[in-house]
Amino acid sequence: MNKAIGPRVVHELLNADSALSRLRRAVVRHEASAELKALLPPAIAERLTLVRGDERLEVLAENNAVAQLARFHAPTLEKHAGLPVKVRVCPRLNLESTNANTPAPVLPAEGAASLRDAADGIDDERLAGALRRLAERAETE
């Protein structure tokens, strides 16, 4: 018979310096950042990425205006995270939007027809070609 793995052995595996341990820490940090985002107004939270490190909480804002609002809410985040907060402006970092399983946006069929009509009435062949290529992305049914 195989020896059963007890809770102590599982705990040792999760805390060992291994890939499994790093993955567990990443999950804990992700859950903590979701809890912290809930403290912010939704309009701001969706434009921020929170990265919880061992020494501080990084708040990455998509532009200067959002960063300024995040700085206003930084004391609340510091209080709940128990870490100093560093706010930086960074290009949009949204893990959900970079998912490879997310389908590309599709152009409605009526939009494609409008683009083709516009391309037919344009003298500039490069611009007309670009509009036709864009129209090719239309949904097909």
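The structure this text deals with has already been given above.
Residues numbered from 1 in each chain as written. Predicted model: local features only at pLDDT ≥ 70, side-chain atom pairs only at ≥ 80, totals over all residues. Heavy atoms only, no water.

**Description of the overall build of the chain**
Then step 1. When helices and strands are counted, the chain shows 6 helices and 3 strands.
Then step 2. Taken over 141 residues, the chain has a buried fraction of 25%.
Then step 3. Residue pairs at least 24 apart in sequence account for 49% of intrachain contacts in the chain once pairs closer than 6 positions are excluded.
Then step 4. Carbon and sulfur atoms form 56% of the exposed surface of the chain, whose accessible area is close to 10,600 Å². (Helix = DSSP H or I, 4+ residues; strand = E, 2+ residues; numbered from the N terminus. Buried < 20%, exposed > 50% of the residue type's maximum accessible area, 1.4 Å probe, protein only. Contact = heavy atoms within 4.5 Å. Areas by Shrake-Rupley, 256 points an atom, 1.4 Å probe, with all protein chains shown as cover.)

**Considering helix α6 (residues 125–135)**
Then step 1. The complete set of buried residues in α6 reads Ala128, Gly129, Leu131 and Ala135. Seen from one end, α6 has its buried residues packed into an arc of 160°, which puts them on one side. With respect to the buried face of α6, the exposed residues turned more than 90 degrees away are Arg126 and Arg133. (Arc of directions from axis to C-beta.)

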